[in-house]
Every structure is written in structure tokens, then in C-alpha cells.
Amino acid sequence: GGLSPGATANLDREQVLGVLEAVWRRGDLNLERALYSHANAVTNKYCGGGVYYRGLVEFSNICQNDCSYCGIRNNQKEVWRYTMPVEEVVEVAKWALENGIRNIMLQGGELKTEQRLAYLEACVRAIREETTQLDLEMRARAASTTTAEAAASAQADAEAKRGEPELGVVVSLSVGELPMEQYERLFRAGARRYLIRIETSNPDLYAALHPEPMSWHARVECLRNLKKAGYMLGTGVMVGLPGQTLHDLAGDVMFFRDIKADMIGMGPFITQPGTPATDKWTALYPNANKNSHMKSMFDLTTAMNALVRITMGNVNISATTALQAIIPTGREIALERGANVVMPILTPTQYRESYQLYEGKPCITDTAVQCRRCLDMRLHSVGKTSAAGVWGDPASFLHPI
Ligand code: 5AD
């Protein structure tokens, strides 16, 4: 209460905890309503009601890590392992541009080899070159000019806005913990954004879920390095991990603010057979009514979105796919509770079944065309539209707070 419409509030850990407790107990529906409507007002103030699309390309499920919750962890049995050919990744990026999606996220398992690095550099370079060229051709065709004139006009627009010309598709990476030198090389290849979830801000809980050699401190170091290398930084957590507390979640909100994240993605933890975290979850909650438990995790996740929006204001917050695994309209609901980004899955259908991080992952049999159209409809259903044709930089990056 007491906030003017759309105003941010620098909440502390106790205040965040208080709200999460109220949502968890479901004791104060007026508070929940006020939380979500205020978060939506802050979103509209900073993001103007337009929703940004980020096309997700899950280019490989080969991973050297063994995160205990994940369906593509190194020791997960019976997963067909794949890596998409570079040309196929580039084709998806061109399709995205032609369909108004100017931002793609290459996500894959973590592999620290030189071969993987060379592959990623090749993908990023080719995507930047080929989509820039395609963009110039599209602009020239639309304006009946030459591509050289289209390039000059994009350059003039950029100078007026004091930025880079937004030509082609901007490339985000979600490829894990790498040495600083590799982050720098990928930046030089043309990548500009990087997503790496801290998964939980509690180092002990992190250690319980990530066997050595993974370490929470090493991961934080990666986040810092990515900022230093010049990337827009995305991070996030899972909500409802076995052993996680509301106090941990309140700490997560503080963590995002302290690390100065530009993009945040939070999703509910979802069980996946054959993983140690799911065994742990089942042992912890032997009598749980799974449906009602997952519904609570859904509410907590969207409450976290709302709290981050109110605390941080001008960041990009993703309505994550995992929300849709709990409630079919989960992503739309999140867009009304603080989120302003959705990620249509553009991975070619033949690979999708093998990128099953958790059970019930949506869109497993869909095509990129279907995912794009389906999301357009979903946005429409909550009175939002996609901000097509822009890179969609988070305001936090353009105007550091
Ligand atoms: N449930 C929900 N999210 C998961 N992720 C991995 N496994 C699961 C799961 N079982 C999330 C992690 C990772 C992202 C790519 O997917 O947070 O960072």
C-alpha cells in the first residue's frame, strides 16, 4: 500500500519474505490482487505493454554437468544426444527474422571444449552476417531502394538514437559456465546477451543440488565476468526446489538486484523421472497432493516475478515455459504479473523430444510456425501485443540505475 501507480519500491528481504508468506498461506487475497496489479502497472510504465519475443534454439543436449534436477544432465540415461549442424541453426535464425523475431537465444548443454567454442563462434558469426544481409534485403524491398541505401538509413536511425544499428538478429547465449577468455571470444564473434541462472542464491542448497566440481562461487564469478565482458546479463532461479525455503526465495530477489541483472527468468521446479532431485522431492513430500503443490509453486513463481518487477523496475522478465507445464495459460498469467518477455521455442521438432529438461514440457511436438502463432494468440487473450521488429533491449542496460 501507499505506492503511487507504477512506482518501484526498494523492498528489503523481510518485506519480500512477508509477501511470499502471505501468498503461500493464501490468507490475504486482497494483498495478492494488489501485488499483481501493481506489478502490472510497473511493467506497463517501463515496457509499455509490448511483449518481447526471444526465439529459443536448443542447439545441443550434450552436457558435461550433472545438475541433479535436469533431464539432460550428463548421467541421465536413455537420452539421444544431438548437436544441430551450424547451417540448420542459421536457417532458424533467418526464419525468425522473416517472422518478426529479432532476438534469438542459443541454448545448449555445457561443454568447455575448444571444438564446442569453435562451433558457437561459427554459429554466432554466421547468424550475425547472414541475418544482417537478409535484413538489408528485406528493408530495401519494402522501401524500393538498394541495400546500400537501406544500410545508410539504418545507420542514420542508430546515430539519432545513439546506439548500434539494429540490423539482423541479436544473439543471446545460454551455454553455461565458461572461462572468461571464452566469454570474450564469443562477444567478439557478435553475441551480446548471456543467460545463466544462479538456480538458487543459497550456496548450501546449491551445493546439495550440484555435485562437485560445480560450485556456487564459481557460478557467481561467471556472472561477474559476463558483465565485465560487456554482455547484458540474464539470470534466474527455480522455485520449489527440494529443501528450498521462502527465506531463500526472498534472498533470490536481493541477489538479482545486487548482481544488477538485466534479464530475469524464473520457473517452477518440475519433477523429471530418473533424476536425483526428483527422488529427493518425493522423499521430502511423500504425501503431497502433487496438483495442489504445483499450483502453489505456480503462485509463488508469479509472486516472485511481481516482486522482482516492483523492486527492479526496468528489467526484462521472462514468462517461462515451465509455468505452462503447470497451468495451460501459465505464461499469459505471468505476463499480467510482471513478466514482459516470452520465448517461442524455435528448435526443429525432430530434436525437441530429446531436450526434455522436465516432464510435461510443452510444445514437444510443435513446429516453430505453430509456436509463433500460438503465442500471438496467447498475448492477444490478455490484451498484449508483441513488440515485433525491435531488439528489445532491457531499459536497465540502456539507462543503468
Ligand atoms: N524443472 C524446472 N526447470 C528446470 N531446469 C532444468 N531442469 C529443470 C526442472 N526439472 C531449468 C534450469 C536451467 C534451465 C535451462 O532449465 O533452471 O537453468
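Procedures and definitions
Every chain's residues receive numbers from 1 upward, in the order its sequence appears when written. Where local features are concerned, this predicted model is filtered to residues with pLDDT of at least 70; where side-chain atom pairs are given and counted, the filter is 80 or more; whole-chain, interface and lining totals use all residues. Inter-axis angles, ranging from 0 to 180 degrees, are taken between N-to-C directions of lines fitted to C-alpha atoms, where helices are fitted over the stretch in contact. By the criteria applied, helices consist of DSSP H or I runs no shorter than four residues and strands consist of E runs no shorter than two, each listed in order from the N terminus. The labels follow the angle: roughly parallel below 35 degrees, roughly antiparallel above 145, roughly perpendicular from 65 to 115, and oblique for the rest. With the far helix as reference, a near helix turned anticlockwise by less than a right angle produces a left-handed crossing, and one turned clockwise produces a right-handed crossing. We call two residues in contact when their backbone-placed C-beta atoms lie within 7 Å. All residues other than Ala, Val, Leu, Ile, Met, Phe, Trp, Tyr, Cys, Pro, Asp, Glu, Lys and Arg, Gly among them, are scored as polar; the first ten of these are nonpolar and the last four charged. Exposure is read from a count of other C-beta atoms within 10 Å of each residue's own; the residue is exposed at 12 or fewer, buried at 20 or more and partly exposed in between. C-beta atoms are placed from the backbone. A pair of strands is treated as paired once DSSP finds two or more bridges between them. UniProt positions are given in the numbering used here, feature names are shortened, and annotations may be inferred rather than shown by experiment. Under the convention used throughout, the expected extent of a helix is 1.5 Å for every residue step, that is, one less than its residue count.

- Within an unreviewed UniProt entry, the label attached to the protein reads Fe-hydrogenase assembly protein, and the organism entered is Chlamydomonas reinhardtii.

1. Some points on the packing of helix α2 (residues 29–47) against helix α11 (residues 290–312)
Piece 1. It is the contact of α2 with α11, at a shortest axis distance of 9 Å, that shows an interaxial angle of 50 degrees. Our classification of the angle between α2 and α11 gives oblique. For the pair α2 and α11, the sense of crossing is left-handed. Along its contact with α2, which presents Leu35, Tyr36, His38, Ala39, Val42 and Thr43, the element α11 presents Ala303, Ala306, Arg309 and Ile310.
Piece 2. Grouping the constituent residues of the contact of α2 with α11 by class yields seven nonpolar, two polar and one charged.

2. Overview of unusual backbone geometry
Among all residues save glycine, negative phi is the norm, and among peptide bonds the norm is trans.
Piece 1. With an omega of 10 degrees, the peptide bond running from Glu212 to Pro213 counts as cis.
Piece 2. Counting through the fold element by element, Pro213 comes out in the loop between α7 (203–209) and α8 (216–228).
Piece 3. We note that Arg26 has phi near 55 degrees; this positive angle belongs to a residue other than glycine.
Piece 4. By secondary structure assignment, the location of Arg26 is in the loop between α1 (13–25) and α2.

3. A few points about the environment of Gly240
Piece 1. Its location among the elements puts Gly240 in the loop between β6 (232–239) and α9 (246–259).
Piece 2. On the basis of neighbour count, Gly240 is assigned to the partly exposed category, with 19 C-beta atoms found within 10 Å.
Piece 3. Spatially, the C-alpha atoms of Gly240 and Met297 are 6.1 Å apart, while their sequence positions differ by 57 residues.
Piece 4. If we ignore the near neighbours within four places in the chain, the residues touching Gly240 are Pro268, Phe269, Met297 and Leu300.

4. Overview of the pairing of strand β8 (residues 316–319)
Piece 1. Residues of β8 alternate between two faces, with Asn316 and Ser318 on one and Ile317 and Ala319 on the opposite face, all of them buried.
Piece 2. With four bridges connecting them, strand β7 (residues 263–268) and β8 associate as parallel partners. By the bridge assignment for β8, Met266 is matched with Ala319.

5. Some words on the UniProt feature "domain: Radical SAM core" (unreviewed entry) in the protein
Piece 1. Under the local residue numbering, the UniProt record ascribes the feature "domain: Radical SAM core" (unreviewed entry) to residues 49–314.
Piece 2. Secondary structure across residues 49–314 comprises 50% helix and 14% strand; the distance between its end C-alpha atoms is 13 Å.

6. Some words on α2
Piece 1. End to end, α2 covers 26 Å across 19 residues, agreeing with the expected 27 Å (1.5 Å per residue, within 8%).
Piece 2. Among all positions of α2, only Leu35, Tyr36, His38, Ala39, Asn40, Val42, Thr43 and Cys47 are buried.
Piece 3. On its buried side, α2 packs onto α1, β1 (50–53) and α11.

7. Topic: α8
Piece 1. With 13 residues, α8 should reach 18 Å at 1.5 Å per residue; the first-to-last C-alpha distance of 19 Å fits that figure.
Piece 2. Here the buried face of α8 lies against α6 (180–189), β5 (193–195), β6 and α9.
Piece 3. Gly230 sits one or two residues past α8 and shows a positive phi near 105 degrees.

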